[in-house]
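Architecture and fold: a report
Listed here are the chains, written in short residue letters.
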Amino acid sequence: MPYRPRLWVSLVPYGIGRTKPNHYLEILRTVWDNRHDLPYAWRILSKGVCDGCALGVAGFRDWTMEGVHLCTTRLDLLKLNTARALDPAVLADVARLPRSSGALRALGRLPYPMLRRRGDAGFTRVSWDDALVLAALRIRASSPERIGFYLTARGLTNETYYAAQKVARYLGTNNIDNAARVCHAPSTGALRKAIGVAATTCSYRDVIESDLVVLFGADVANAQPVFMKYLYLARKRGTKVVVVNPFREPGLESYWVPSSVESALFGTKMADAFFAIHTGGDLAFVRGVLKLLIDEGGVDDAFVRDHTGGFDALRAVLAATSLDDLAAASGSSVDDLRTFAKTYRDARSAVLVWSMGVTQHVCGTESVQGIVDLALARGNVGRTGAGLMPIRGHSGVQGGAEMGAYATAFPGGAAVTPENARALAERYGFDVPARPGLTAAEMVEAAGRGEIDVLWSSGGNFLETLPEPESVRRALARTPLRVHQDIVVSPQMLVDGEEVLLLPAMTRYEQPGGGTETTTERRVVLSPEIPGPRPGDARAEWAIFADLARRARPERTPALGLGSAAEIREEIAAVVPLYAGIERLRDGGDSFQWGGRLLCEGWRFPTPDGRAHFSAAVPASASLAAGRYHLSTRRGKQFNSMVWRDRDPLTGAARDALFLSATDASALGVSDGEPVVVRAESGAELRARAHVAPIRAGNVQMFWPEANVLIAAGRRDPVSGVPDYNAVVEITRG
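Residues numbered from 1 in each chain as written. Predicted model: local features only at pLDDT ≥ 70, side-chain atom pairs only at ≥ 80, totals over all residues. Heavy atoms only, no water.

**So, the pairing of strand β5 (residues 212-216)**
By the criterion of burial, β5 is predominantly enclosed, with five of the five residues buried. What you see with β5 is no split at all: Leu-212, Val-214 and Phe-216 on one side and Val-213 and Leu-215 on the other are buried throughout. In this structure, β5 lies alongside strand β6 (residues 240-244), joined through five bridges in parallel fashion. What sits directly across from Val-214, in β6, is Val-242. With five bridges joining them, β5 and strand β11 (residues 350-354) adopt parallel strand pairing. Each residue of the ladder has a partner; that of Val-214, found in β11, is Leu-352. (Buried < 20%, exposed > 50% of the residue type's maximum accessible area, 1.4 Å probe, protein only. Helix = DSSP H or I, 4+ residues; strand = E, 2+ residues; numbered from the N terminus. Pairing = 2+ DSSP bridges.)

**Remarks on helix α15 (residues 311-319)**
Within α15 the residues assigned to the buried category are Phe-311, Leu-314 and Leu-318. The buried residues of α15 occupy one face: seen down the axis, they fall within an arc of 65°. Among the exposed residues of α15, those pointing more than 90 degrees away from its buried face are Asp-312 and Ala-319. Check the buried side of α15 and you find it contacts α13 (282-295), α14 (301-307), β10 (308-309) and α19 (364-377). (Arc of directions from axis to C-beta. Contact = heavy atoms within 4.5 Å.)

**Some remarks on the layout of surface pockets**
Approximately 900 Å³ is the volume attributed to the largest pocket. Surrounding the largest pocket, 33 residues form its lining, Ser-100, Ser-101, Gly-102, Arg-105 and Val-643 being those nearest its centre. Contributing elements (two or more residues each) for the lining of the largest pocket: α3 (72-82), α4 (101-105), α23 (462-465) and α24 (469-478). Partitioning the lining of the largest pocket into residue classes produces 13 nonpolar, seven polar and 13 charged. Together, 39 residues line the second largest pocket, and Arg-192, Ala-409, Gly-413, Ala-414 and Ala-415 are the ones closest to its centre. Counting residues per element, the ones that place at least two in the lining of the second largest pocket are α7 (185-195), α19, α20 (397-402) and α21 (418-428). Here the lining of the second largest pocket gets six residues from one element, more than from any other, and that element is α7. The class makeup of the residues in the lining of the second largest pocket is 20 nonpolar, 13 polar and six charged. (1 Å grid on protein atoms, 1.4 Å probe; cavity = no way out; pocket = protein on both sides within 12 Å on 5 of 7 lines; lining within 4 Å. Points joined across faces, edges and corners; volume = space filled by probe spheres on them. Nonpolar A, V, L, I, M, F, W, Y, C, P; charged D, E, K, R; others polar.)

**Digging into the nonpolar core**
With 145 residues, the main nonpolar core has Ile-195, Phe-216, Phe-340, Leu-352, Leu-388 and Trp-456 as its most contacted residues. Filtering out sequence-adjacent residues up to four positions away, Trp-456 remains in contact with Leu-132, Ala-135, Gly-148, Phe-149, Tyr-150, Val-483, Gln-485, Leu-503, Ile-544, Phe-545 and Leu-548. (Core = buried A, V, L, I, M, F, W, Y, C linked by side-chain atoms within 4.5 Å.)

**Here's the deal with the confidence of the model for the protein chain**
Residues with a pLDDT of 70 or more make up 95% of the protein chain, whose mean pLDDT is 92. Contacts of residues 1-19 to residues separated by more than four positions or lying in other chains number 78 contacts, the stretch itself having pLDDT below 50. (pLDDT = per-residue confidence, 0-100.)

**What about the packing of aromatic side chains?**
Throughout the structure, instances matching the rule amount to 20 aromatic pairs. Ring geometry for Trp-42 versus Phe-60: centroids 5.3 Å apart, planes at 45°, classification tilted. Taken together, the positions of Trp-42 in helix α2 (residues 38-47) and Phe-60 in the loop between α2 and α3 put the pair 18 residues apart, joining distant regions of the chain. Residue Trp-42 is classed as exposed on the basis of its relative accessible area of 53%. With a centroid separation of 5.5 Å and 80° between ring planes, the pair formed by Phe-247 and Phe-659 is classed as edge-to-face. Remark: Phe-659 occurs in strand β23 (residues 657-660) and Phe-247 occurs in the loop between β6 and α11 (250-253); sequence separation between them is 412 residues. Residue Phe-247 is classed as buried on the basis of its relative accessible area of 2%. Here a set of aromatic residues connected by ring pairs shows up, and it is made of Phe-216, Phe-275, Phe-285, Phe-340 and Tyr-344. Seen from the ring of Tyr-406, Arg-181 lies directly overhead, with NZ or CZ sitting 4.0 Å from the centre. (Phe/Tyr/Trp six-rings, centres within 6.5 Å; stacked < 30°, edge-to-face > 60°. Lys NZ or Arg CZ within 6 Å of the ring centre and 35° of its normal.)

**Quick look at the state of the cysteines**
Considering all chains together, one arrives at zero disulfides under this definition. Of all cysteine sulfurs, the one in Cys-183 lies closest to Cys-363, which takes part in no disulfide; the gap is 16 Å. (Disulfide = S-S within 2.5 Å.)

**A closer look at the sheet that holds strand β25 (residues 685-692)**
Taken in spatial order, the six strands of this closed barrel run β20-β26-β23-β25-β24-β27, and their pairing is mixed. The average undirected angle you get between the axes of adjacent strands in this sheet is 45°. By the bridge criterion, five bridges tie strand β24 (residues 675-680) to strand β27 (residues 726-733) in an arrangement that is antiparallel. Counterpart to Ala-680 in the pairing with β27 is Val-729. (Axes fitted to C-alpha atoms, helices over the stretch in contact; angles between N-to-C directions.)

**Some details on the side chain of Asp-51**
Relative to the elements of secondary structure, Asp-51 occurs in the loop between α2 and α3. Lacking a salt bridge, the buried Asp-51 has Arg-508 as its closest oppositely charged neighbour, with an N-O distance of 5.5 Å. In this view, Asp-51 contacts Leu-77, Asn-81, Gly-155, Ser-395, Arg-508, Tyr-509 and Phe-639; residues no more than four positions away in its chain are not counted. (Lys, Arg positive; Asp, Glu negative; His and termini not counted. Salt bridge = Lys/Arg side-chain N within 4 Å of Asp/Glu carboxyl O.)

**Considering the pairing of β23**
A two-sided burial pattern is seen for β23, the buried positions comprising Ala-657 and Phe-659 on one face and Leu-658 and Leu-660 on the other. Note: β23 against β25, four bridges, orientation parallel. When the bridges of β25 are listed, Phe-659 appears paired with His-691. Relative to strand β26 (residues 699-703), β23 runs antiparallel, the two sharing two bridges.

**Some points on α13**
Taking 1.5 Å per residue as the helical rise, α13 with its 14 residues ought to reach 20 Å, and the 20 Å between its terminal C-alpha atoms agrees with that figure. Here α13 lies mainly inside the structure; twelve of its 14 residues are buried. When we look at burial in α13, the residues that qualify are Asp-282, Leu-283, Ala-284, Phe-285, Val-286, Arg-287, Gly-288, Val-289, Leu-290, Lys-291, Leu-292 and Leu-293. Remark: Gly-297 follows α13 within two positions and exhibits a positive phi of approximately 75°. (Expected span 1.5 Å × (residues − 1).)

**So, the side chain of Gln-369**
Its location among the elements puts Gln-369 in helix α19. On the accessibility criterion, Gln-369 (12% relative accessible area) is buried.

**A closer look at the sheet that holds strand β15 (residues 499-504)**
Here seven strands make up an open sheet; going across it, the order is β2-β1-β15-β14-β13-β3-β4 and the pairing mixed. In the strand order of this sheet, the two ends are held by β2 (124-125) and β4 (176-178), each with one partner. Of the pairings in the sheet, the one linking strand β1 (residues 114-117) to β2 comprises two bridges and is antiparallel in character. Note on β2: the bridge partner recorded for Met-114 is Arg-125. Helix α5 (residues 128-141) contacts β1, β3 (147-151), β13 (454-458), β14 (481-486) and β15 of the sheet and is inclined by roughly 130° relative to β15. The sheet contacts of helix α25 (residues 541-552) involve β3, β13, β14 and β15, and relative to β13 the element is tilted by about 160°.

**Let's talk about the pattern of salt bridges**
Here the structure, examined in full by the defined rule, presents 44 salt bridges. Put simply, Arg-118 and Glu-498 hold a salt bridge, and the shortest N to O gap is 2.5 Å. Residue Arg-118 is found in the loop between β1 and β2, and its partner Glu-498 is found in the loop between β14 and β15; the two are separated by 380 residues along the sequence. Classification of Arg-118 by relative accessible area gives partly exposed; the value is 39%. A salt bridge links Glu-451 to Arg-449, with the nearest nitrogen and oxygen atoms 3.1 Å apart. A relative accessible area of 46% means that Arg-449 is categorised as partly exposed.

Right under this line is the structure:
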């Protein structure tokens with residue numbers, strides 16, 4: 001039975017040093033922002049599936065607990081979905097437009113296709129026919145390897161992802177990628193290799209029913225606020241929560257839950273322990289813990305013997321590794337490793353949760369492998385109250401990869417190989433390319449070298465999401481044709497180019513036939529088409545891709561399909577067996593959970609030998625020269641790169657903050673609020689203000705995307721291709 005709290009509202013947390021938020025003021029702000037069409041806003045909230053994080057609330061409910069569920073992220077996004085169309089005349093002179101993302105969003109929705117050629121002052125309205133004929137001609141004049149498609153996670157549906165990947169392959173290219181590449185690509189690869197699946201292995205109910213929940217590099221209070229209700233109930237039931245992170249996140253320390261009088265007045269303690277580590281020190285930390293479990297009899301020997309492989313090799317590696325060295329490399333201490341190991345050993349079950357604090361590193365795949373190994377050591381997968389959870393921050397990324405909108409995978413996660421390409425070609429009725437395509441960052445870098453003729457972006461903003469924004473700007477400017485398919489104007493659209501085409505897209509709530517998303521717990525949910533105003537000539541995104549394909553390669557049209565949302569769901573069910581049932585979703589909120597509550601249930605692993613597999617990865621040294629600091633990027637009050645507030649209510653920090661420890665501030669001779677200069681090894685520098693905070697000494701943090709100027713392009717995890725959003729920096733007084 002679902003848990004039955006009477007009322008749930010997920011709010012911004014507060015604590016010592018922060019301002020207690022007024023959620024009711026947030027609601028009033030939302031009412032004001034949507035005052036032009038409150039009935040439509042209400043229908044989106046009450047009928048639609050949330051286009052925020054991937055926890056997938058449908059209307060005001062989810063499938064774990066009963067009651068009303070609402071979070072501030074969803075309220076902030078609502079105004080984008082109800083925005084009125086902008087006046088096309090405002091785009092006639094690009095020089096007069098604001099450059100900030102927030103100011104551009106405030107202009108309103110994109111209503112019509114618009115075109116700008118090099119030398120033009122701005123954009124001119126064109127017809128859909130002219131726009132798609134132009135794009136089709138440029139594609140026909142190019143070659144498949146010089147075409148690239150990228151899709152963000154901005155409310156996109158499974159139907160859009162599936163149509164886009166089919167169109168890319170129809171046009172002869174595997175150069176298609178999505179936002180999963182820059183967040184959880186390491187999780188996908190590491191999980192598939194280790195246990196044969198590439199998704200969260202448990203459900204939200206298992207979080208509530210677990211003895212222990214561990215958060216690695218994840219600030220769920222900020223990025224997935226609805227998840228806090230599960231942690232709150234888990235705490236009430238006796239679950240321990242521990243956090244492994246360089247920063248002692250205030251929202252994970254205390255949280256304001258209005259449905260509880262005590263919590264509403266004083267806040268709720270959300271974590272039992274924090275383990276401060278160096279940025280990127282996760283693998284060393286979990287390896288140190290595993291070494292202790294081996295030495296002290298904390299491994300489930302029967303499970304390891306009967307259901308896994310590779311453990312002996314890992315044990316040998318750890319036997320030859322000093323615990324002191326692992327502690328030092330992690331930035332922790334031997335005592336902390338022992339404390340964590342005891343907590344983990346004493347728990348009958350554990351759910352291990354991680355996010356971009358783990359994945360967005362050159363060692364992202366290895367770090368995820370280390371977390372998986374820690375779970376396998378005690379059989380914490382495939383049973384209730386236990387599991388592995390790469391928690392998703394955006395509503396489209398889980399389904400995007402599973403639909404095949406991925407440079408390195410076909411629908412269903414099948415690797416891009418000649419054999420799999422032939423199988424997909426037989427089903428589709430046209431040739432499918434057999435070599436992996438360019439990932440998101442690789443496409444932009446190729447554009448900078450003059451190797452891309454057409455770069456098509458559905459949503460996204462490469463200027464703010466990729467490292468070294470100036471190199472990104474140069475790459476975009478060099479691309480002969482850029483197509484930006486979106487609901488609002490973004491800064492990357494304003495970069496000059498030979499030809500820049502803007503295509504107005506519908507939101508998920510406007511698409512005829514509705515659309516589905518896949519949540520973190522693998523639940524596929526139908527969000528219905530919601531009656532309301534439609535801005536200009538905006539079209540469903542899957543339909544735009546299908547129309548492009550018919551114009552670019554009309555000789556193959558009979559093999560394309562993609563005639564309606566329902567037809568696409570029928571095809572998904574046939575091509576991706578795990579999604580069988582998607583074709584039966586009819587009404588808003590209809591859902592099913594592929595794989596059931598647990599993956600690998602009963603310790604049956606869908607690997608070639610039926611076993612889970614340990615890795616033998618060992619951490620690299622994390623030592624730094626004197627006067628150098630590990631810099632990582634973090635989120636504030638924002639959704640992806642969309643910043644909602646100039647000051648983060650979680651930490652009280654402004655967007656120009658440099659988070660640093662009191663120890664480091666003292667050594668630098670700076671006080672809270674004083675100006676500083678942060679300089680990367682590349683020579684790039686950024687002015688900031690010191691924000692003294694509870695962070696591990698030797699580590700600093702700055703807000704993303706502002707800090708991207710300090711992050712070097714080209715540094716990626718060699719396995720997954722995820723960019724490294726970290727740097728080594730010097731700090732001087734400003």
